[in-house]
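Take a look at the letters that make up each chain.
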Amino acid sequence: MFRLWAKKFKDNRMLDDITITDQSKEKNRTKKVFDSLDEVCYAFDLGRPIWLDKNIKEFKKMDKTRFDSDNFIEEIDFDYLEIHVIEEDEIWE
């Protein structure tokens, strides 16, 4: 099972969070991350954030990253959105 935890923060306080679960065996990890992020954006009524180089590096290294106002085209009413992969499918089956 694949699970992604997303949290919105403002002034170092968590405003909202959601956990997205994907049990699909057909999708690769990248597809699961992007599909889960789409679900998060839909649930929080947000536009899809833009992945900058810093986000890609953070995500590859730590399985989590933060999207702030630089990542969104529209204005946001929070400081940042953090996503974190908290559970992975078994690799090398």
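Quick look at the structure, then. (Residues numbered from 1 in each chain as written. Predicted model: local features only at pLDDT ≥ 70, side-chain atom pairs only at ≥ 80, totals over all residues. Heavy atoms only, no water.)

**A word on the environment of Lys27**
Right, so step 1: Inspection of the secondary structure puts Lys27 in the loop between strand E2 (13–22) and helix H1 (29–44).
Right, so step 2: With a relative accessible area of 27%, Lys27 lands in the partly exposed category.
Right, so step 3: Within polar-contact distance, the side chain of Lys27 engages the side chain of Asp22 at 2.8 Å. (Helix = DSSP H or I, 4+ residues; strand = E, 2+ residues; numbered from the N terminus. Buried < 20%, exposed > 50% of the residue type's maximum accessible area, 1.4 Å probe, protein only. Polar contact = N/O pair within 3.5 Å; in protein donor to acceptor, adjacent residues only side chain to side chain.)

**Quick look at the sheet that holds strand E4 (residues 80–87)**
Right, so step 1: An order of E2-E1-E4-E3 is seen for the four strands of this open sheet, with the pairing classed as antiparallel. A strand with exactly one partner marks an edge of an open sheet, and here the two such strands are E2 and strand E3 (64–68). Direction aside, the axes of adjacent strands within the sheet are offset by 20° on average.
Right, so step 2: By the bridge criterion, five bridges tie E3 to E4 in an arrangement that is antiparallel. If you follow Arg66 over to E4, its bridge partner there is Glu82.
Right, so step 3: Against the sheet, H1 touches strand E1 (2–10), E2, E3 and E4, its axis set at about 135° to E2.
Right, so step 4: Contacts from helix H2 (residues 53–62) reach E3 and E4 within the one sheet, and its direction differs from that of E3 by about 155°. (Pairing = 2+ DSSP bridges. Axes fitted to C-alpha atoms, helices over the stretch in contact; angles between N-to-C directions. Contact = heavy atoms within 4.5 Å.)

**With respect to the pairing of E1**
Right, so step 1: Judged from the nine bridges that link them, E1 and E2 form a sheet pairing that is antiparallel. Each bridged residue has a counterpart across the sheet, and for Ala6 the counterpart in E2 is Ile18.
Right, so step 2: In textbook terms, the turn of a hairpin is the stretch between consecutive antiparallel strands, and for E1 and E2 this stretch comprises two residues, one of which, Asp11, has a positive phi near 55°.
Right, so step 3: Looking at chain direction, E1 and E4 are connected through seven bridges and run antiparallel. For Leu4, the partnering residue across the bridge sits in E4 and is Val85.

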